[in-house]
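Breakdown of the fold
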Amino acid sequence: MKKILMVIAAAGLLYSCGGNTQKNQEEQASVNEFSEIAQNVKDEHNAKNSLDYEGTYTGKVPTASGEGMIVSITLSENTYVKNTEYVNKKDSKSEEKGTYTWNAEGNTIILDGVKDAPNKYFVGENTLTQLDMEGNRITGDMAELYILKK
C-alpha cells in the first residue's frame, strides 16, 4: 500500500511540474518582450523637467590665489543673479544678472553674458556644480569644492 501511495504521489508531482513548463516559457517570453520594449523607450527625464531647481545656491569655491570666493547664484524662470565675494578682500563684491539657457540634454545651464569666468553649471538635486571653461566636470581632490548647495 505504501508503494502504491508513493508511486501516485511521485506521478502527481511529475505531472504538476510538467504542466508549469509551458507557463514558465510564456512568462519568460513576456519578460523578454517587456525588456525589449523598455530598451526602446527613451527616458525624457532631465534636470530641467524633473527637478525643482529654482532657488539660491551658495558655496565657497577655490581661486588661483587667496582663500577662495563665496559664490551665490539665484535662479528663477530664465533669469539669474550671481553674486561673488573674495574671502578676506575688501571691496571685492560683484553682482551679475542675466538670462540662462539649458544645454540640449537639459542637465546643464549656461549663464549668458558671463565672460572670462566659468558660466556652465550642472544642475543636480539641490545642487549646482560649476563646470570648467570647456563645460567639463572638475575632477580631483578639490572637485567637491565646486558644488553650490541650495
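Residues numbered from 1 in each chain as written. Predicted model: local features only at pLDDT ≥ 70, side-chain atom pairs only at ≥ 80, totals over all residues. Heavy atoms only, no water.

1. Here we look at the packing of aromatic side chains
In total, this model carries two aromatic pairs according to the counting rule given. Centroid distance Tyr53 to Trp102: 4.9 Å. Interplanar angle 80°. Geometry classified as edge-to-face. Of this pair, Tyr53 sits in the loop between helix H2 (47-50) and strand S1 (55-61) while Trp102 is found in strand S4 (residues 94-102), placing the two residues 49 residues apart along the sequence. For the pair formed by Tyr53 and Trp102, the shared burial category is buried. On the basis of an interplanar angle of 70° and a centroid distance of 6.4 Å, the ring pair of Tyr100 and Trp102 is categorised as edge-to-face. Across the pair, exposure class does not vary: Tyr100 and Trp102 are buried alike. Here the aromatic cluster, defined as three or more aromatic residues joined through ring pairs, consists of Tyr53, Tyr100 and Trp102. (Phe/Tyr/Trp six-rings, centres within 6.5 Å; stacked < 30°, edge-to-face > 60°. Helix = DSSP H or I, 4+ residues; strand = E, 2+ residues; numbered from the N terminus. Buried < 20%, exposed > 50% of the residue type's maximum accessible area, 1.4 Å probe, protein only.)

Geometry only, nothing functional implied.
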